[in-house]
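Residue-level listing of the chains:
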Amino acid sequence: MAKAPVETRKAFTPGKIAGLTLRNRIIRAGCFEGMCENGSCSDLLIEHHRKVAAGGAAMTTVSYCSVSEAARAYGHEMWMRKEILPDLRRLTDAVHKEGGAASIQLGHCGYFASKADTGFQPVGASRKFNLFRISFPKPMTEADINQVIKQFADAAVMAREAGFDAVEIHSGHGYLLSQFLSPYTNKRTDNYGGSLENRMRFPAAVVRAVRQAMGPDFPVMVKMNMTDGIKGGIEIEDAVQIAKRFEAEGASALVPSCGFTSKTPFMMMRGNLPILEFAAADKSFMRKFGLVFFGRFMCQEFHYEDLFLMEDALKILKAVKIPVVLVGGICSLDDLDKAMNAGFEFVEIGRAIIKDPDIVKKWQRAEVTASDCDHCNRCVAVMNGGPVYCVCNEKGPLKRRFQPKGLPGTWRA
Ligand SMILES: Cc1cc2nc3c(=O)[nH]c(=O)nc-3n(C[C@H](O)[C@H](O)[C@H](O)COP(=O)(O)O)c2cc1C
């Protein structure tokens, strides 16, 4: 069968999430930018997202914005508060001027926090040692849980005040809500632990509270895990139930993903494991040492293939009526067609857009058919030490080698 001409492909037609119409079906996935010195919105971050919108994506997601100062995993992550709204407004204005929409990912890192980094005692579902940050969290009380539910709702309201068109609640990748969902981290014996119903109680309450705060038409997206990739973690059968529950609580769209940052951080990305680059970017000597000598044992490598989450995501798609956004290894016009033909309303793209923020425009004009991102994942390593950029794009003798912070990167404004 002959392929549809580029301009009539479904991926380039408008689509709707709740009351929001997007100019096409391609969303820039939340990818930590490392551009929030002092937890604020920098000019670099604004320019980063303006470029994504100028490059043709329908919506760009500002990644991991904590719902409170204590909800950060690292000191250089943004947290939502009144003082940063004027700068966030500059970001959303810049994106809107380019014809795009802006979303913001709201999260709480739970036991990923390190007191040494953020100054706050990490909290979590249960007292589970976190080797990744070398810390023990304090199990949350009901009062702590209610406070965080309110913080999610307040953060969403502030995001709208700053001009964001959507919010994405982070309930995957082993972050706090995912720590409650996962039996691996949730060992509670109260109403928030044990059965799936109990483990869903807190994340479901967050979605409900955000929906109530935002009214019926505002897009509230939820990124969630289909599998944690660890023994005793979430599997797809649970994820289907979780997806249905999020829909019932008012989610407008779901972004099914996978992986647990403290155990299987590369499951959500797949491809090369850039251990040495991670060690180079880390500020802690202890962790550098640990990564160089034990990184290969601590961190599993996962084989990359295009559309690597599609098979499981189809199970979520079948279970709900709201749009399901396919993320993971979407790198070509063919991948876009396959996702759309399978019934996904939207896709989220991370690395191919980090590699080339104009890729969507180039696909739409049929200037290229595929991204040349080779999933080396060095962008993931650099974001820990400074602004994210595509290391492979660097010119000259350093091309294709890791560059320490300080050398000019693709994303430097
Ligand atoms: C540099 C980088 C940073 C990321 N940061 C986040 C993040 O902050 N929040 C999140 O949910 N996912 C994050 N991800 C995962 C992406 O959103 C996406 O799920 C994953 O990269 C798979 O999509 P891709 O194959 O299009 O890159 C990150 C990925 C990359 C490459």
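Thresholds applied
Residues numbered from 1 in each chain as written. Predicted model: local features only at pLDDT ≥ 70, side-chain atom pairs only at ≥ 80, totals over all residues. Heavy atoms only, no water. Axes fitted to C-alpha atoms, helices over the stretch in contact; angles between N-to-C directions. Helix = DSSP H or I, 4+ residues; strand = E, 2+ residues; numbered from the N terminus. Parallel < 35°, antiparallel > 145°, perpendicular 65-115°, else oblique. Left-handed = near helix turned anticlockwise from the far one by under 90°. Contact = heavy atoms within 4.5 Å. Nonpolar A, V, L, I, M, F, W, Y, C, P; charged D, E, K, R; others polar. Buried < 20%, exposed > 50% of the residue type's maximum accessible area, 1.4 Å probe, protein only. Polar contact = N/O pair within 3.5 Å; in protein donor to acceptor, adjacent residues only side chain to side chain. 1 Å grid on protein atoms, 1.4 Å probe; cavity = no way out; pocket = protein on both sides within 12 Å on 5 of 7 lines; lining within 4 Å. Points joined across faces, edges and corners; volume = space filled by probe spheres on them. pLDDT = per-residue confidence, 0-100. Near = heavy atom within 4 Å. Areas by Shrake-Rupley, 256 points an atom, 1.4 Å probe, with all protein chains shown as cover. Expected span 1.5 Å × (residues − 1). Bend = angle between axes of the 7 residues up to and from the residue. Pairing = 2+ DSSP bridges. Right-handed = clockwise from strand over helix to strand, strands pointing away.

Engineer: Honestly, the packing of helix α1 (residues 43–54) against helix α2 (residues 85–97) in this entry has me stumped. Any pointers?
Structural biologist: A pair of packed helices can be characterised by two numbers: the angle between their axes and the separation between those axes. Viewed as axis vectors pointing N to C, α1 and α2 meet at an angle of 20°, and their least axial separation amounts to 8 Å. Between α1 and α2, the angle is such that the two are roughly parallel. As α1 packs across α2, the resulting crossing turns out to be right-handed. Where α1 abuts α2, its residues Asp43, Leu45, Ile46, His49, Arg50 and Ala53 lie against Asp87, Arg90, Leu91, Ala94 and Val95. Residues belonging to the contact of α1 with α2 are distributed by class as follows: 6 nonpolar, 1 polar and 4 charged.

Engineer: What should I look at first to understand the side chain of Thr61 in this one?
Structural biologist: Counting through the fold element by element, Thr61 comes out in strand β4 (residues 59–66). Overall, Thr61 belongs to the buried group, its relative accessible area being 0%. Engagement of the side chain of Thr61 in a polar contact is seen with the backbone oxygen of Arg28, the distance being 2.8 Å. Residue contacts for Thr61: discarding those within four places in its chain leaves Ile27, Arg28, Ala29, Gly30, Glu33, His49, Ser103, Ile104, Gln105, Glu168 and Glu348.

Engineer: How should I be thinking about empty space enclosed by the protein in this particular structure?
Structural biologist: This structure, assessed with the given rule, holds 3 cavities of 30 Å³ or more. Size it by volume and the largest cavity reaches roughly 70 Å³. The wall of the largest cavity is formed by Arg351, Ile354, Lys355, Cys373, Asp374, His375, Cys376, Asn377, Cys379, Cys390, Val391 and Cys392. At 3 residues, the largest contribution of residues to the lining of the largest cavity is made by helix α12 (residues 351–355). Considering only enclosed or pocket space, the second largest cavity measures out at about 40 Å³ in volume. As for the second largest cavity, its lining consists of Ser171, Ser178, Leu181, Asn225, Asp228, Ile234 and Ile242. Class assignment for the residues of the lining of the second largest cavity results in 3 nonpolar, 3 polar and 1 charged.

Engineer: Sorry if this is basic, but what is going on with the confidence of the model for the protein chain here?
Structural biologist: Low pLDDT marks regions whose predicted coordinates should not be analysed in detail. On average, residues of the protein chain score 91 in pLDDT, and 95% of them are at 70 or above. When the criterion is pLDDT under 50, residues 397–413 qualifies, and its contacts beyond four places in sequence or with other chains add up to 50 contacts.

Engineer: Explanation requested: the site of the ligand in the structure shown.
Structural biologist: Around the ligand, 24 residues are found, and the nearest of them are Gly30, Phe32, Gly329, Gly350 and Arg351. Here an oxygen atom of the ligand and a side-chain polar atom of Gln105 are 2.9 Å apart. Arg351 is positioned such that a nitrogen or oxygen atom in its side chain is 2.7 Å from an oxygen atom of the ligand. Protein contact buries 96% of the 610 Å² of open area that the ligand shows by itself.

Engineer: Mind showing me how you'd approach helix α6 (residues 196–214) here?
Structural biologist: Side chains of residues three or four places apart in an α-helix project in the same direction, reflecting 3.6 residues per turn. For α6, with 19 residues, the first-to-last C-alpha span of 27 Å sits near the 27 Å given by 1.5 Å per residue. At Phe202, α6 is deflected by roughly 40°, the largest bend along its length, and proline Pro203 occurs up to four residues later in sequence. Taken across its 19 residues, α6 has 14 buried, putting it largely inside the fold. Gly215 occupies a position one or two residues after α6 and carries a positive phi of about 80°.

Engineer: Can you help me understand the environment of Trp79 in this one?
Structural biologist: Looking at the secondary structure, you find Trp79 in strand β5 (residues 78–79). On the basis of relative accessibility, which here comes to 15%, the residue Trp79 falls in the buried class. Counting along the chain gives 12 residues from Trp79 to Val67, while the straight-line C-alpha distance between them is 5.8 Å. Setting aside anything within four residues of it in sequence, one finds Trp79 in contact with Asn38, Gly39, Cys65, Ser66, Ser68, Glu69, Arg72 and Ile84.

Engineer: What is the right way to look at unusual backbone geometry in this model?
Structural biologist: Unlike most non-glycine residues, Ala18 shows phi in positive territory, near 50°. Along the chain, Ala18 falls in the loop between β1 (15–17) and β2 (20–22). Its identity as a non-glycine residue notwithstanding, His173 has a phi of 60°, on the positive side. Here His173 lies in the loop between β9 (166–171) and α5 (176–181). Taking relative accessible area as the criterion, His173 reaches 7% and is therefore assigned buried.

Engineer: Help me out: how do you make sense of the pairing of strand β11 (residues 253–258) in this one?
Structural biologist: Both faces of the sheet carry side chains from a regular strand, because those side chains alternate between them. The element β11 is extensively covered by neighbouring structure, given that 6 of its 6 residues are classed as buried. Burial along β11 is two-sided: Ala253, Val255 and Ser257 facing one way and Leu254, Pro256 and Cys258 facing the other are all buried. Of the strand pairs in this sheet, strand β10 (residues 220–227) and β11 are connected by 6 bridges, and their pairing is parallel. Among the inter-strand pairings, Asn225 is bridged to a residue of β11, identified as Ser257. In this fold, the crossover linking β10 to β11 by way of helix α7 (residues 236–249) has right-handed handedness.

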